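Coordinate analysis (summary)
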Amino acid sequence: MVEPVKCPEDAEGVDAVTRAVLTASRLLVAVSARSLAEVEERVTLPQFRMLVVLSTRGATKLVTLAEHLQVAPSTAMRMVDRLITAGLADRRVNPRNRRETLLQVTDEGRRTVETVTARRREEVTAIVERIDPGQRGALVAALTAFNEAGGEPPVPDADGREPHPLGWAEATAGA
């Protein structure tokens, strides 16, 4: 277990928090890259992020998907085309508006997300186990505030239960 960390006096300053988050993001990107290692020939990190958005938010219009990913619709379309070719996503006509096309993750795409997420969860769990138990609550509070400020919905718990009563996919399926 890692010794408890003493916070510097300026720990609440924006710069100190920004540095800590950037350092943590380097670690999380490394964990993410390692978790994608087995599927990296089929899925890039940005494509995986798209699969995650589709699997958590349900069937989605291209423009909405591009907004969630903060990319141009043309970029999102190229990414979707590659995922469709790989059998990880597909298109269907919106039953509520036949002029619209909805994008969704396939069963194989959902399994890919679940497999990569399980690997990532194992590695993050191993890291968290090395943190002093007395500091874990503060970490949860800080990361929850960070995620909420960034608009990122919580991931399901270890049993796969959604954090929201209806789940994201149901709540925004028509988006």
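Residues numbered from 1 in each chain as written. Predicted model: local features only at pLDDT ≥ 70, side-chain atom pairs only at ≥ 80, totals over all residues. Heavy atoms only, no water.

For the rest of this paragraph, the subject is the packing of helix α3 (residues 62-69) against helix α4 (residues 73-85). Contact pair α3 / α4: the axes reach a minimum separation of 9 Å and the direction vectors enclose 100°. By the criterion of interaxial angle, the relationship of α3 to α4 is roughly perpendicular. For the pair α3 and α4, contact is made by L62, L65 and A66 and by P73, A76, M77 and V80, respectively. A class-by-class count of the residues in the contact of α3 with α4 yields 7 nonpolar, no polar and no charged. (Axes fitted to C-alpha atoms, helices over the stretch in contact; angles between N-to-C directions. Helix = DSSP H or I, 4+ residues; strand = E, 2+ residues; numbered from the N terminus. Parallel < 35°, antiparallel > 145°, perpendicular 65-115°, else oblique. Contact = heavy atoms within 4.5 Å. Nonpolar A, V, L, I, M, F, W, Y, C, P; charged D, E, K, R; others polar.)

Right, let's get into the confidence of the model for the protein. Confidence along the protein averages 84 in pLDDT terms, with 85% of residues attaining 70 or more. Of all helices and strands in the protein, the one with the weakest mean pLDDT is helix α7 (residues 167-171) (35), whereas α4 scores best (95). Low pLDDT, under 50, characterises residues 164-175; the stretch is placed with 21 contacts to residues that sit more than four places away or in other chains. (pLDDT = per-residue confidence, 0-100.)

Here we take up the pairing of strand β1 (residues 89-94). As paired strands, β1 and strand β2 (residues 97-105) are joined by 6 bridges and run antiparallel to one another. Residue A89 lies in a different strand from β2, and its bridge partner there is V105. (Pairing = 2+ DSSP bridges.)

Inspection of the secondary structure puts T144 in helix α6 (residues 133-150). Considering only alpha carbons, one finds T144 and P154, 10 residues apart in sequence, at a separation of 8.3 Å.

With that out of the way, let us pick up the nonpolar core. Core analysis: the biggest nonpolar cluster contains 23 residues, and F48, M50, L51, L54 and L65 have the highest contact counts within it. Among the secondary structure elements, those contributing two or more residues to this core are α2 (45-57), α3, α4, β2 and α5 (107-129). It is α2 that contributes the most residues to this core, 6 residues altogether. With residues near it in sequence (within four places) discarded, L54 still touches T60, L65, A89, L103, Q104 and V105. (Core = buried A, V, L, I, M, F, W, Y, C linked by side-chain atoms within 4.5 Å. Buried < 20%, exposed > 50% of the residue type's maximum accessible area, 1.4 Å probe, protein only.)

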